[in-house]
Number of protein chains: 2
Amino acid sequence: MFSKATEYALRATIYLAQKSSEAHKLGIEEIATAIDSPRSFTAKILQSLTKDNRVVSSVRGPHGGFYMSEKAKKLPVRSILLAMGEDQILEKCVMGLKLCSEIEPCPMHAQYKVIKKQLINLFTSKTIQQLAAEIQEGVVFIKNK
Amino acid sequence: MFSKATEYALRATIYLAQKSSEAHKLGIEEIATAIDSPRSFTAKILQSLTKDNRVVSSVRGPHGGFYMSEKAKKLPVRSILLAMGEDQILEKCVMGLKLCSEIEPCPMHAQYKVIKKQLINLFTSKTIQQLAAEIQEGVVFIKNK
DNA sequence: ATAATTAAAGACAAAGTTATCTTTAATTCC
DNA sequence: GGAATTAAAGATAACTTTGTCTTTAATTAT
Ligand code: FES
Ligand code: FES
């Protein structure tokens, strides 16, 4: 569904929301290990998330690292997709028509639109923080054993 | 969600199911124009669909072309995904965990699993022919105007 | 047989994705 | 100020995806 980059972005931000704060920043080594992702590639991704879209913050130097502000933690998960430039996946036609709409629907549209609505709702209604909270409870995981 | 190749495969097979038969084969030119896809690339894709998985048939020479048998038209849409090697998209974890399961669920699993079930059901229960029938009725489209 | 038609097969190329590694810059600690 | 630490920036490379073009092979019509 999503690119590797976006999968890592989702896992990394949820991990950051759970473990980091302005007072406690995390190094790329810890993050990549925690979410089982390639270190340098993950660094690039987090770097890009600190840019235009303000979802992740960072500072260099000793005791520096990546973290999320309390405000950023309350963003919907969809803001990660937006920042990664993959938000259109939720909106696009499942058969690849240029436009997904009721005006010129593809043969799968009628059935797909209700699924699409739920997908959009899932990514819009849940905040990064809400998903992170469940890891704390130990009921869900951010990597396989 | 799917690759361009799979999108073209879905559109092409639905078009073939609607317009072709063993007695009336379609040339690659007509197919690519009808579904608004790159001609040579689409040829490659159809070629691959005539291989291992028997979803599309073809014959060379005058009055040759691509077609689908009545049996193939009754295959579930999912068989296209299978033939294109993208079936795992329906099964995989939305956050990229190696395994999507109740045993080690990711933070989105609980909400996503119900959507996933509907997605799988959509591709499993609808046949290629059923989707093609709606184009005939003029209520849905296989390309944009 | 020969020519025409059509898909199959293969070589190739441009672009995008997924990574890695090195150098630079910012920050802190001493 | 100098050394250590950490992310930023940049170069590079392997691989995949998307696409084109040319040659070959099969089939049909004359
Ligand atoms: S038009 Fe294809 S899913 Fe909406
Ligand atoms: S484990 Fe992530 S969607 Fe099921």
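An account of the accompanying structure is given in this report. All values reported here derive from a predicted model rather than from experimental measurement.

**Quick look at the side chain of Glu104 of chain B**
Thinking step 1. Secondary-structure assignment places Glu104 of chain B in the loop between helix H5 (78-83) and helix H6 (109-125).
Thinking step 2. The charged side chain of Glu104 of chain B is buried without a salt bridge, its nearest counter-charge being Lys145 of chain A at 4.2 Å.
Thinking step 3. In terms of polar contacts, Glu104 of chain B uses its side chain to reach the backbone amide nitrogen of Lys145 of chain A, at 3.0 Å.
Thinking step 4. Those residues within four positions of Glu104 of chain B in sequence are excluded, and the remaining contacts are Phe141, Lys143, Asn144 and Lys145 of chain A together with Leu97 and Leu99 of chain B.

**Things to note about the pattern of salt bridges**
Residue and element names in this part refer to chain A.
Thinking step 1. Counting across every chain of the model gives 16 salt bridges over all chains.
Thinking step 2. For Glu91, the salt bridge is made with Arg78, and the minimal N-O distance between the two is 3.0 Å. Taken as a pair, Glu91 in the loop between helix H5 (78-83) and helix H6 (109-125) and Arg78 in helix H5 lie far apart in primary sequence, 13 residues in all.
Thinking step 3. By relative accessible area, which is 36% here, Glu91 ends up partly exposed.

**A closer look at the environment of Ala83 of chain B**
Residues and elements named next belong to chain B.
Thinking step 1. Mapping Ala83 onto the fold places it in helix H5.
Thinking step 2. Assessed through its relative accessible area of 17%, Ala83 is described here as buried.
Thinking step 3. Separated by 29 residues in the primary sequence, Ala83 and Arg54 have C-alpha atoms spaced 8.7 Å apart.

Reading the values: the criteria
- Residues take numbers from 1 onward in each chain, read along the sequence in its written order.
- Key to labels: chains lettered from A, ligands numbered from 1, both in the order written.
- It should be noted that, the model being predicted, local features are given only for residues of pLDDT at least 70 and side-chain atom pairs only at 80 or more, the latter also being counted only at that level, while totals for whole chains, interfaces and linings use all residues.
- Values reported for side chains reflect all heavy atoms of the structure, with hydrogen atoms and water molecules removed beforehand.
- Helix and strand assignments come from DSSP, with helices taken as H or I runs of at least 4 residues and strands as E runs of at least 2, each series counted from the N terminus.
- The cut-offs for exposure are 20% and 50% of the maximum accessible area for each residue type, with area from a 1.4 Å probe on protein chains only; residues under the lower value are buried, those over the upper are exposed, and the others partly exposed.
- Only four residue types enter the tally: Lys and Arg on the positive side, Asp and Glu on the negative side, with His and both chain ends excluded.
- A pairing counts as a salt bridge when a side-chain nitrogen of Lys or Arg comes within 4 Å of a carboxyl oxygen of Asp or Glu.
- Identification of polar contacts relies on pairs of N or O atoms within 3.5 Å, with a donor-acceptor requirement for protein atoms, meaning one able to donate a hydrogen and the other able to accept it, and with residues adjacent in sequence counted only if both atoms are side-chain atoms.
- Note on contacts: a residue pair is in contact if any heavy atoms of the two residues lie within 4.5 Å.

Take it as geometry only, folks, not as evidence of what the structure does.
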